[in-house]
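# Structure assessment
Next come the chains, spelled out residue by residue.
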Amino acid sequence: MPGKFDFHREVKLLTDYYKSHDAAAEQIYEEKLDQALLAGISSGHSRYKRFAHHFPWKLTGALLACCLLLFGGWQMWTSDNLGRSAFHASRSDIPSFVYNSMTPKLKDAALHGLYQPINETITQGNYQVTIDGVLADRTEMVVFYTAVNLLGNAPIFARDAKFLDAQGNGLGVMVDYPSSDAKPGTPSNVQHDKFTVSFPNHNVPAQFSFSAKWGHPQASDEAHELMEFPIQLDSSKYAGLEHKIEVNRSATVGPYSFTITDAILNPLTTRVYLRIESAKENLYQSLIDPVLWITQEGSRKSLPMQMSTTNARPNELLIQFDSLYYAKWQDLSFGASGIEEALGKDLKLVLDTEKQKIVSAPNDSVRLTRVVPTEEFIDIYFELDHISDRRALYFDLDEEFTDGDGKKHTLMVGRSSYYRSDEAFETFHYKIKPGNYIQPLTFKLLSYPGTDINQPFEIPLLTGNNPAKQP
């Protein structure tokens, strides 16, 4: 199916999918969360808690980044009284720079006991990196770190982050990379930041290793230091916290039928599962502006999608939103402005990298902007016109391509992409090995901008108070 995720190739592609992550967190009743936070602190307890490669499903959208109380099991909430119990977590083991970097959702999760201190430091070459702690539930974890350039002349950042299980196998996750811009008001050689790691098709493990190459963002791989951290979590802190809502309601858009089978609430995420069926050839590619509608005290608000994938369950689409786990709400529904269909199957893109031009493409949606040869690789850059912050751009090349003689080659690393708010386009970046290729090069398109069916729909998920903490 066009747009289907390959997690081995998309490990970094979270920038797009989590583009609206921070925006979503800010929308979630910040005032009420702050009030609850203050109430919890005043009673003597407290705590806290993404396209980066993007992906249209990440529906392009960047970045994203709540949890739960370990207090002898579930916090008891009734359907007509969703007030918070006293917080039973301490902030004494959460550094202030970690706590202050958390969104309201993450703070809520941490205050309910889901932050786990790690405090492991590795010094290598001129760089020092500390894993400060991890905030996790079953679906997502946020890894907080401090990176220091000991020379003191520039910040350092991570590239090629990998998350491996105890046997050294990739965990098949989507990683929301931190920004490579230095945070204002901090020393230029010290960077406090976080990775948001989403687990679409299995649970956050109790034991894993995290590795990355650290260095200046403009430096070569050789100028980066590879560091690997073995991490052990207490899985009992996030065991048994999810709440499942059986839905089984449908809507029709053109020839497509969308059935929401269920929604699952977790302290850090809200997930909706859709089954998609078509009366004709299924060329479904994406939803247009999918949102979660919440009614809170008579006021309706929407949360934009953080990410989406077809690999979580057979024949179902998983769409992830920010957490509503601890929020007080009455009604919940899922909606979208329509869908995007692929232009067809077996689409191809043909390039002449020497003349730096597109020989053939399905249409003119994509522009080849430059090809930059270096000793290490050949960089290929494409541009697509940006649609909106809530709309993903689908453009992905297959890992394998052929040259003019039909000889097969493979991409290096995979795709990355980025979008700046002051620009009207999004940039997609690929790397191939250096060399003299027989032109032209032919790439199979895994996804490509398609055709819109602008037909809004909305499906109720639940009417009644938040059930996550009912007795």
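An account of the accompanying structure is given in this report. As the structure is a computational prediction, the values presented were derived from the model and not from experiment.

### Section: the pairing of strand 12 (residues 256–265)
A regular strand places its side chains so that they alternate between the two faces of the sheet. Extensive coverage of strand 12 is indicated by the burial of 9 of its 10 residues. Of the pairings in the sheet, the one linking strand 11 (residues 243–253) to strand 12 comprises 9 bridges and is antiparallel in character. Paired with Ala251 across the two strands is Phe258, which belongs to strand 12. From the end of strand 11 to the start of strand 12, which pair antiparallel, there are 2 residues, and Gly254 there has a positive phi angle of about 55°. As paired strands, strand 12 and strand 13 (residues 269–278) are joined by 9 bridges and run antiparallel to one another. The partner of Phe258 across the bridge, within strand 13, is Ile276. From the end of strand 12 to the start of strand 13, which pair antiparallel, there are 3 residues.

### Describing helix 4 (residues 104–111)
Burial runs high along helix 4: 8 of the 8 residues are buried. Of the positions making up helix 4, those classed as buried are Pro104, Lys105, Leu106, Lys107, Asp108, Ala109, Ala110 and Leu111. Just downstream of helix 4 lies Gly113, where phi reads positive at about 95°.

### Overview of the pairing of strand 3 (residues 115–124)
For strand 3 and strand 4 (residues 127–136), the ladder comprises 8 bridges, and the chain directions are antiparallel. Bridging across to strand 4, Glu120 finds its partner in Ile131. Hairpin connection, strand 3 to strand 4: the antiparallel pair is bridged by 2 residues, and Gly125 has positive phi, about 60°.

### Focus on the sheet that holds strand 5 (residues 140–149)
What the 5 strands build is an open sheet, ordered 3-4-5-8-7; its pairing is antiparallel. Since the sheet does not close on itself, it has two edges, and those belong to strand 3 and strand 7 (174–176), each with one partner. For this sheet, the mean inter-axis angle between neighbouring strands, taken without regard to orientation, is 20°. Contacting strand 3, strand 4, strand 5 and strand 8 (190–198), helix 4 crosses the sheet at an angle of about 75° to strand 4.

### Focus: the sheet that holds strand 29 (residues 451–453)
If you walk across this open sheet you meet the 3 strands as 14-20-29, and the pairing is antiparallel. The outermost strands of the open sheet, each flanked by one partner alone, are strand 14 (284–288) and strand 29. Strand-to-strand twist of the sheet, defined as the mean angle between neighbouring strand axes without regard to direction, takes the value 30°.

### Let's talk about the packing of aromatic side chains
For the structure shown, the criterion picks out 20 aromatic pairs. For the pair Phe382 and Phe395, a centre-to-centre distance of 5.1 Å together with 65° between the ring planes defines the contact as edge-to-face. Highlighted residues: Phe382 in strand 24 (residues 378–385) and Phe395 in the loop between strand 24 and strand 25 (396–402), separated in sequence by 13 residues. What makes Phe382 buried here is its relative accessible area of 0%. Ring-pair connections join several aromatic residues into one group, and the members of that group are Tyr145, Phe163, Tyr177, Phe195, Phe208, Phe210, Trp214 and Phe229. Here the guanidinium or amino end of Lys431 rests over the ring plane of Phe377, the centre of that ring lying 3.5 Å away.

### Topic: the side chain of Asn149
Tracing the chain through its elements places Asn149 in strand 5. One polar contact links the side chain of Asn149 to the main-chain amide nitrogen of Leu151, over a distance of 3.0 Å. One polar contact links the side chain of Asn149 to the main-chain carbonyl oxygen of Ala154, over a distance of 2.8 Å. If near-sequence neighbours (up to four positions away) are discounted, Asn149 is found in contact with Asn126, Tyr127, Ala154, Ile156 and Asn189.

Conventions and cut-offs
- Here the residue numbers are simple positions, counted from 1 along each chain's written sequence.
- In view of the model being predicted, local features appear only for residues whose pLDDT reaches at least 70, and side-chain atom pairs are presented and counted only at 80 or more, with totals across whole chains, interfaces and linings using the full set of residues.
- Note that water and hydrogens are dropped before the side-chain values are worked out from all heavy atoms of the structure.
- Burial classification: accessible surface area is computed with a 1.4 Å probe over protein chains only, and a residue below 20% of its type maximum counts as buried, one above 50% as exposed, and the rest as partly exposed.
- Numbered from the N terminus, helices here are DSSP runs of H or I no shorter than four residues, and strands are runs of E no shorter than two.
- A pair of strands is labelled paired if DSSP reports no fewer than 2 bridges between them.
- Interaxial angle, 0 to 180 degrees, is taken between N-to-C directions of lines fitted to C-alpha atoms, where a helix line uses only the stretch in contact.
- Here, residues are in contact when the closest pair of their heavy atoms is within 4.5 Å.
- Two rings from Phe, Tyr or Trp (for Trp, the six-membered ring) form a pair when their centres sit within 6.5 Å of each other. Planes less than 30 degrees apart are called stacked, planes more than 60 degrees apart edge-to-face, and all others tilted.
- Two thresholds decide whether a charge sits over a ring: the Lys NZ or Arg CZ must be within 6 Å of the ring centre and within 35 degrees of the ring normal.
- Two N or O atoms count as a polar contact when they lie within 3.5 Å, although within protein this holds only if one can serve as hydrogen donor and the other as acceptor, and sequence-adjacent residues are included solely when both atoms are side-chain atoms.

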